[in-house]
Amino acid sequence: MTEEMERDENVFLMGEEVAQYNGAYKVSEGMLAKFGPRRVFDTPISEAAFSGLGVGAATMGLRPIIEFMSWSFTLVCLDQIVNNAANVRYMSGGQYKVPIVFRGGNGIAHQLGATHSHRVETIYARIPGLIVVSPSTAYDAKGLLKSSIRCNDPVIFLESEKMLNETSEVPDDPEFLLPLGVANVEREGSEVTVVSYGRTMQRVTRAAVKSLVDEGVDVELIDLRTLRPLDTATLVQSIQKTGRCVIVDEDYGYCGMGQAIMASVYKRVFDYLDAPIAHVHSDEIPVPFNHYLEEAMMPSEERVIAAVKDVCYR
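Note that the structure is a prediction, hence the values are computed from the model and not measured.

Trainee: Looking at this model, I keep getting lost on the nonpolar core. Mind explaining?
Mentor: The nonpolar side chains of a soluble globular protein tend to be buried with one another. With 43 residues, the main nonpolar core has Trp71, Ile81, Phe102, Ile156 and Leu224 as its most contacted residues. For this core, the leading source of residues is helix 10 (residues 257–269), giving five residues. With residues near it in sequence (within four places) discarded, Phe102 still touches Ser51, Val55, Ile66, Phe68, Trp71, Ile81, Ala85, Val155, Ile156 and Phe157. In terms of nonpolar packing, the next biggest core, distinct from the first, is built from 22 residues, Leu13, Leu32, Leu145 and Ile149 among them.

And the structure:
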């Protein structure tokens, strides 16, 4: 964010506690001192108000970054995001662009209870006009966020509170960008395609794939990076090659992101499949507060390994 604000004076950051408190999770630490209160400023506790303000600012040529403490709180500003941000460019015949980034913590964190643990992927990924991004590493987060800030369409940038302490090497180049809408084939393989994204990729999927490879299962691992537009071409090419697929995500199964991904590719890969596509997802219950119950409802390394072995008939 700092690099993009240095590059473009139209970029600014606003949200609850992003300025004086240096960010609820210290993501914006030091930015108020660097850029001042005109470009980094706190808002009232009203997602509807400051999201609407941001959309208006974007249509007038600015490039707002809106931080939410939790994506669960955006259920009160669906009108501003879904009805306005997503549709203004189309309904104005391209006369108005909406270059705005909405970012913050998505999904299950740690003992925050059901009302703070929603996974909002399918709420926003189903809306034409929005771009939905979910990085799984610091490397991806930097390149994708910079591309999102430069994008002329509204971007839903899904982070994870539990990943904020994760580190990985990132390029110092201020022009380091990763393309939106392009999946990353993290490991090439020939026996089964495993698809994941975001916190689930970082939390369990990579570990499960490592264990499977150690056992001799030749896994092709794909990190989606972007959920809308979905890189179906990469998925289809991989599944046609391997003949098997397991999708892993933290969302619910019924009407969840994994089901949407499955529906997007099934017809094009059906004749190539040696087994039905499997889906590992969270249990269909409100997220428990209890630590052990919370862990038990989410995808685990063991569940991913079992699903892969099942489609491989091992």
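The structure having been displayed, the exposition proceeds.
Trainee: Hey, could you run me through the layout of surface pockets in this one?
Mentor: Unfilled space is identified by rolling a water-sized probe across the atoms. Roughly 800 Å³ of volume is contained in the largest pocket. Along its surface, the largest pocket is lined by 27 residues, and Ala138, Ala141, Lys142, Leu145 and Leu164 are the ones closest to its centre. At the level of secondary structure, the elements contributing two or more residues to the lining of the largest pocket comprise helix 1 (2–7), helix 7 (138–150) and strand 6 (155–159). Here the lining of the largest pocket gets five residues from one element, more than from any other, and that element is helix 7.

Trainee: Whenever I open this one, the pattern of salt bridges confuses me. Can you help?
Mentor: Two side chains bearing opposite charge may form a pair once their charged atoms approach each other closely. Counted under the stated rule, the structure contains 21 salt bridges. The salt bridge involving Arg225 is made with Asp140; its shortest N-O contact spans 3.0 Å. Residue Arg225 is found in the loop between strand 9 (219–223) and strand 10 (226–228), and its partner Asp140 is found in helix 7; the two are separated by 85 residues along the sequence. Between Arg203 and Glu295 there is a salt bridge whose closest N-O contact spans 2.3 Å.

Trainee: Explain the domain arrangement of the protein chain here, please?
Mentor: In many analyses, interface size is given as the accessible surface area lost on bringing the parts together. On domain assignment, one finds that the protein chain holds domain 1 (2–163) and domain 2 (184–311). The C-alpha-based centres of domain 1 and domain 2 are spaced at 27 Å. Residue-level contacts link 30 residues of domain 1 with 28 residues of domain 2. Carbon and sulfur atoms supply 52% of the area buried between domain 1 and domain 2, which totals about 2400 Å² over both sides.

Trainee: Quick question: what am I supposed to make of the packing of helix 9 (residues 232–242) against helix 10 here?
Mentor: When two helices pack together, their arrangement is given by the angle between the helix axes and the distance between those axes. At a minimum axis distance of 10 Å, the contact between helix 9 and helix 10 shows a crossing angle of 50°. Considering the angle they form, helix 9 stands oblique to helix 10. Handedness of the helix 9/helix 10 crossing: right-handed. Contacts between helix 9 and helix 10 pair Thr232, Leu235, Val236, Ile239 and Gln240 from the former with Ile261, Ser264, Val265, Arg268 and Val269 from the latter. The class makeup of the residues in the contact of helix 9 with helix 10 is six nonpolar, three polar and one charged.

Trainee: Would you mind showing me how to read the sheet that holds strand 9 here?
Mentor: Within the open sheet, the five strands sit side by side as 7-9-8-11-12. Their pairing is mixed. Two strands bound the open sheet, and with one partner strand each, they are strand 7 (184–187) and strand 12 (278–282). The average undirected angle you get between the axes of adjacent strands in this sheet is 25°. Here strand 8 (residues 192–196) pairs with strand 11 (residues 245–252) via three bridges, running parallel. Bridge assignment links Val194 to a residue of strand 11, and that residue is Val246. Of the strands in this sheet, strand 8, strand 11 and strand 12 are in contact with helix 12 (residues 301–311), which crosses strand 12 at around 165°.

Trainee: Help me understand helix 10 in this model?
Mentor: For an α-helix, 3.6 residues make a turn, and residues three or four places apart therefore share a direction. Taking 1.5 Å as the rise per residue, helix 10 with 13 residues should run 18 Å; its terminal C-alpha atoms sit 18 Å apart, in good agreement. Its buried side turned inward, helix 10 meets helix 6 (121–125), strand 10, helix 9, strand 11 and strand 12.

Trainee: Whenever I open this one, the environment of Lys162 confuses me. Can you help?
Mentor: Locating Lys162 in the fold gives a position in the loop between strand 6 and strand 7. The sequence separation of Lys162 and Tyr124 amounts to 38 residues, and the corresponding C-alpha distance is 21 Å. For Lys162, the residues in contact, after removing those within four places along its chain, are Ile108, Ala109, His110, Arg199 and Glu295.

Trainee: What am I meant to see in the pairing of strand 9 here?
Mentor: Looking along a regular strand, one sees the side chains alternate between the two faces of the sheet. Most of strand 9 is tucked away, with five of its five residues classed as buried. Residue alternation in strand 9 divides its side chains into two sets, Val219, Leu221 and Asp223 and Glu220 and Ile222, and both sets are buried. Both strand 7 and strand 9 contribute to a ladder of three bridges, which runs antiparallel. Looking at the pairing, Arg187 lines up with Leu221 of strand 9. Relative to strand 9, strand 8 runs parallel, the two sharing five bridges. Looking across to strand 9, one finds that Val194 is bridged to Leu221. Once you follow strand 8 into helix 8 (residues 198–214) and on to strand 9, the crossover reads as right-handed.

Cut-offs applied
Residues numbered from 1 in each chain as written. Predicted model: local features only at pLDDT ≥ 70, side-chain atom pairs only at ≥ 80, totals over all residues. Heavy atoms only, no water. Core = buried A, V, L, I, M, F, W, Y, C linked by side-chain atoms within 4.5 Å. Buried < 20%, exposed > 50% of the residue type's maximum accessible area, 1.4 Å probe, protein only. Helix = DSSP H or I, 4+ residues; strand = E, 2+ residues; numbered from the N terminus. Contact = heavy atoms within 4.5 Å. 1 Å grid on protein atoms, 1.4 Å probe; cavity = no way out; pocket = protein on both sides within 12 Å on 5 of 7 lines; lining within 4 Å. Points joined across faces, edges and corners; volume = space filled by probe spheres on them. Salt bridge = Lys/Arg side-chain N within 4 Å of Asp/Glu carboxyl O. Domains from an automatic or database assignment. Buried area = accessible area lost by both parts, 1.4 Å probe. Axes fitted to C-alpha atoms, helices over the stretch in contact; angles between N-to-C directions. Parallel < 35°, antiparallel > 145°, perpendicular 65-115°, else oblique. Left-handed = near helix turned anticlockwise from the far one by under 90°. Nonpolar A, V, L, I, M, F, W, Y, C, P; charged D, E, K, R; others polar. Pairing = 2+ DSSP bridges. Expected span 1.5 Å × (residues − 1). Right-handed = clockwise from strand over helix to strand, strands pointing away.

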